[in-house]
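Each chain is listed here by its residues.
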Amino acid sequence: MNTVSPNMSQSQPVIRQLDDAAINRIAAGEVVERPASAVKELVENALDAGARRIDVAYADGGKTLIRVTDDGCGIAPDSLALALSRHATSKIDGSDLLNIHTFGFRGEALPSLGAVGRLTITSRARGHEAAEIAVSGGQMGKVKPAALNGGTIVTLRDLFHATPARLKFMRSDRAEAQAIGDIVRRLAMAEPFVGFTLRDVSGGGEGRMVFRADAETGDMFDALHGRLGRILGSDFADNALRIDATRDGLRMTGYAALPTYSRGSAVAQYLFVNGRPVRDRMMIGALRAAYMDVLSRDRHPAAALFVECDPMLVDVNVHPAKSEVRFRDPGLARGLIVSGLRHALAEAGHRASSTVAGATLGAMRPEPAGPARVYQMDRPSAQARVAAYQAQAPGFAEMAGAFSARVEPLSDPADETATDDVPPEALPLGAARAQLHENYILAQTTDGIVIVDAHAAHERIVYEKLKRQMAETGVASQALLIPEIVEMSAEDAASLLELAEDLARLGLVIEPFGGGAVAVRETPAILGACDARAMLLDILDELADQGDSGSVQARIEAILSRVACHGSVRSGRRLRAEEMNALLREMEATPHSGQCNHGRPTYVDLKLADIERLFGRT
């Protein structure tokens, strides 16, 4: 090619040493992407200083003012100027960049903010007088005496005034304010024993309180549960499962919601590593894989998970904003997340989200106000009902035996017993009393009623039995008469062959065929005739995206789900009382029976108090 490169001048390029102001502005571009990034850096500094109370205020979405006040250890007057120097920090000594126990460690945040805005730090350390220093556009002022009882106040005004081109890329004040709120809430989740407030002071004055979370008390799980309930809402707290799992030096704690409490997008997924909020693709993929068997593809789980490990096992210095991490053994971390969540979901048994009952009650509307209606309160006898049918239109009497609702007679309480002499009504799903529309079972409990979708519930029970049988006997494979050769790059072939043993346990047998080719010799028999090449490409895509693949298992379980659907009780079949009660008892003993194979609830539990409230009886 004879064209001149657009990136190089025709004269000899000259290498220059950039001045400190330019260096700081470049660093600010990496660290401070938007006002929320500045809030993140300042709040993390406050947490590293041991603060127990942090107040954040902003104006105009953080573009004109960000102020963070804390009651931490403060900065001595003779260290204020050094704090604004690049790569000056009290958090590490520089000898080990892996053994990191704090949020910050690079010493870039404050000088970067001072390079692109007007920054003022007022601080008072124990045993020292309060002092203040200001920096604007990289120009540092002198340290001056100030008035402050303790802690630190960092005020940042006119963000990006020194780099006005960046202001053109800012979003609306509302969008930037929402991003600030998200950052503060994530950090508040990570530190439940620290109090947080967030105020919008646009227009001056005390402003409007946007978020407040007082310091929680109790043990770690109680404090976290209280903080999550305050941030994510009581519905999440009521329907979240406690998570506590360990594996080879890694520990995962937190709360994950029931499958029937799912969201339409991944907005309620919060992940932390050693207390640091992260957005890590591998961890997000592991979270989704854990719920793969209980949620449809268009639904997303809600969870707040905290992975704790030795700092030497994870590298947090792989992203300018420290929002991504790299585990020394990513497979171990992924396995912990998947197995820990699946174990908790299995232990939940038939439990379903309380929001299902809430939505059901919300769908019931009281009758419009009007003239009082007269109700016949006496219940007619069976003979009276038959006489009434015969007295009505011809043919109506013959319909009496074909109602879509069928009531089971109450048996003698002495005969109606369950395991260990517990009355059926005292069991979690109660005793069957009726079948509605040849599909829905109406059961009575000690404090309410339960409505069960018999087809969906039985489908889940059959599906779990099929999975259990497959785990015990293995996946049968079928040998291909002529092995299918799939061409790919040598790197992709090597990645696939590393999983050969795992894939063989699922009935997919592959072998190297020279160069970048892979020979598929056997496929899972349950899949029937399948496109082996498409299956291998799907596995490669998952490996590239998540570092692991569950594609084959997902396909097998999808087939089992369809088999379970066809082998379960069909809508329209009338069930006897003993069949309905047997189904309820199986649901109580089967993991994941609170939702069908597609993530929809299999039953609704309505409390008697709520039902009475609908009729104005309370």
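1. Quick word on the overall build of the chain
(1) Moving on: Summing up its helical and strand segments, the chain has 19 helices and 24 strands in all.
(2) Moving on: For the chain, the proportion of its 618 residues judged to be buried stands at 44%.
(3) Moving on: Considering only intrachain contacts with a sequence separation of at least 6, the fraction spanning at least 24 residues in the chain is 69%.
(4) Moving on: Carbon and sulfur atoms form 52% of the exposed surface of the chain, whose accessible area is close to 32,200 Å².

2. Overview of the confidence of the model for the chain
(1) Moving on: For the chain, the average pLDDT comes to 80, and 78% of its residues sit at 70 or higher.
(2) Moving on: Residue range residues 392-403 is modelled with pLDDT below 50. Its contacts to residues more than four positions away, or to other chains, number nine contacts.
(3) Moving on: Scored below 50 in pLDDT, residues 412-418 shows nine contacts in the model against residues more than four places distant or in partner chains.

3. Side note on the packing of helix α9 (residues 281-290) against helix α10 (residues 330-347)
(1) Moving on: Between α9 and α10, the shortest axis-to-axis distance is 9 Å and the interhelical angle comes to 30 degrees. Looking at the two axes, α9 sits roughly parallel to α10. Crossing geometry of α9 relative to α10 is assigned as right-handed. Contact residues: Met-282, Met-283, Gly-285, Ala-286, Leu-287, Ala-289 and Ala-290 in α9; Pro-330, Ala-333, Arg-334, Ile-337, Val-338, Leu-341, Arg-342 and Leu-345 in α10.
(2) Moving on: Of the residues belonging to the contact of α9 with α10, the class tally is 12 nonpolar, one polar and two charged.

4. Considerations on the pattern of salt bridges
(1) Moving on: Counted by the stated rule, this structure contains 26 salt bridges.
(2) Moving on: The salt bridge partner of Glu-579 is Arg-576, with a shortest N-O separation of 3.7 Å.
(3) Moving on: Arg-576 gets classed as partly exposed once you look at its relative accessible area, which sits at 48%.
(4) Moving on: Between Lys-607 and Asp-605 there is a salt bridge, and its shortest N-O distance comes to 3.2 Å.

5. Digging into the environment of Arg-334
(1) Moving on: Structurally, Arg-334 can be placed in helix α10.
(2) Moving on: On the basis of relative accessible area, Arg-334 is assigned to the buried category, the value being 8%.

6. What to know about the packing of aromatic side chains
(1) Moving on: One pass over the full model with this rule turns up three aromatic pairs.
(2) Moving on: With centroids separated by 6.2 Å and ring planes inclined at 65 degrees, the aromatic side chains of Phe-236 and Tyr-261 adopt a geometry described as edge-to-face. Here the residue Phe-236 occupies a position in helix α8 (residues 234-238), and Tyr-261 occupies one in the loop between β11 (250-257) and β12 (269-273), the gap between them amounting to 25 residues. This pair shows no difference in class: Phe-236 is buried, exactly as Tyr-261 is.
(3) Moving on: Ring centres 4.3 Å apart and planes at 5 degrees place the aromatic pair Phe-272 and Phe-306 in the stacked group. One end of the pair, Phe-272, is in strand β12; the other, Phe-306, is in strand β14 (residues 303-308), with 34 residues separating them in the sequence.
(4) Moving on: For Phe-306, a relative accessible area of 7% corresponds to the buried category.
(5) Moving on: Stacked on the ring of Phe-221, the Lys or Arg Arg-242 has its end atom at 3.7 Å from the ring centre.

7. Thoughts on empty space enclosed by the protein
Unfilled space is identified by rolling a water-sized probe across the atoms.
(1) Moving on: This model, assessed by the stated rule, comprises one cavity of 30 Å³ or more.
(2) Moving on: Residue lining of the largest cavity: Leu-258, Pro-259, Leu-345, Ala-348, Gly-349, Arg-351, His-592 and Gln-595, and that is the complete set.
(3) Moving on: Looking at the lining of the largest cavity residue by residue, the class counts come to four nonpolar, three polar and one charged.

8. Quick word on the side chain of Gln-269
(1) Moving on: Residue placement: Gln-269 occurs in strand β12.
(2) Moving on: Here Gln-269 falls in the buried class, since its relative accessible area comes to 10%.
(3) Moving on: Of note is the side chain of Gln-269, whose polar atom sits 3.1 Å from the backbone oxygen of Pro-301.
(4) Moving on: If near-sequence neighbours (up to four positions away) are discounted, Gln-269 is found in contact with Arg-186, Ile-284, Leu-287, His-300, Pro-301 and Ala-303.

9. Side note on the nonpolar core
(1) Moving on: Within the largest apolar cluster, 61 residues are counted, with the highest numbers of intra-cluster contacts made by Val-43, Ile-54, Leu-119, Phe-196 and Phe-236.
(2) Moving on: At nine residues, the largest contribution of residues to this core is made by helix α6 (residues 173-190).
(3) Moving on: Core analysis: the next-biggest nonpolar cluster, separate from the first, contains 36 residues, Val-294, Leu-332, Leu-341 and Leu-345 among them.

10. Side note on the environment of Met-587
(1) Moving on: Counting through the fold element by element, Met-587 comes out in helix α18 (residues 577-589).
(2) Moving on: For Met-587, a relative accessible area of 0% puts it in the buried group.
(3) Moving on: Distance in space between the C-alpha atoms of Met-587 and Pro-428 is 9.8 Å, their sequence separation being 159 residues.
(4) Moving on: With residues up to four places along the chain from it excluded, the contact list for Met-587 reads His-350, Leu-429, Val-452, Ala-457, Ile-461, Ser-593, Thr-602 and Tyr-603.

11. Considering the sheet that holds strand β23 (residues 517-524)
(1) Moving on: The three strands are arranged β21-β23-β22 in an open sheet whose pairing can be described as antiparallel. Each having just a single partner strand, β21 (477-487) and β22 (509-512) make up the two edges of the open sheet. The sheet shows a mean angle of 20 degrees between the axes of neighbouring strands, taken without regard to direction.
(2) Moving on: Pairing between β21 and β23: seven bridges, direction antiparallel. Within the sheet, the bridge partner assigned to Glu-487 lies in β23 and is Ala-517.

Analysis parameters
- Residues numbered from 1 in each chain as written.
- Predicted model: local features only at pLDDT ≥ 70, side-chain atom pairs only at ≥ 80, totals over all residues.
- Heavy atoms only, no water.
- Helix = DSSP H or I, 4+ residues; strand = E, 2+ residues; numbered from the N terminus.
- Buried < 20%, exposed > 50% of the residue type's maximum accessible area, 1.4 Å probe, protein only.
- Contact = heavy atoms within 4.5 Å.
- Areas by Shrake-Rupley, 256 points an atom, 1.4 Å probe, with all protein chains shown as cover.
- pLDDT = per-residue confidence, 0-100.
- Axes fitted to C-alpha atoms, helices over the stretch in contact; angles between N-to-C directions.
- Parallel < 35°, antiparallel > 145°, perpendicular 65-115°, else oblique.
- Left-handed = near helix turned anticlockwise from the far one by under 90°.
- Nonpolar A, V, L, I, M, F, W, Y, C, P; charged D, E, K, R; others polar.
- Salt bridge = Lys/Arg side-chain N within 4 Å of Asp/Glu carboxyl O.
- Phe/Tyr/Trp six-rings, centres within 6.5 Å; stacked < 30°, edge-to-face > 60°.
- Lys NZ or Arg CZ within 6 Å of the ring centre and 35° of its normal.
- 1 Å grid on protein atoms, 1.4 Å probe; cavity = no way out; pocket = protein on both sides within 12 Å on 5 of 7 lines; lining within 4 Å.
- Points joined across faces, edges and corners; volume = space filled by probe spheres on them.
- Polar contact = N/O pair within 3.5 Å; in protein donor to acceptor, adjacent residues only side chain to side chain.
- Core = buried A, V, L, I, M, F, W, Y, C linked by side-chain atoms within 4.5 Å.
- Pairing = 2+ DSSP bridges.

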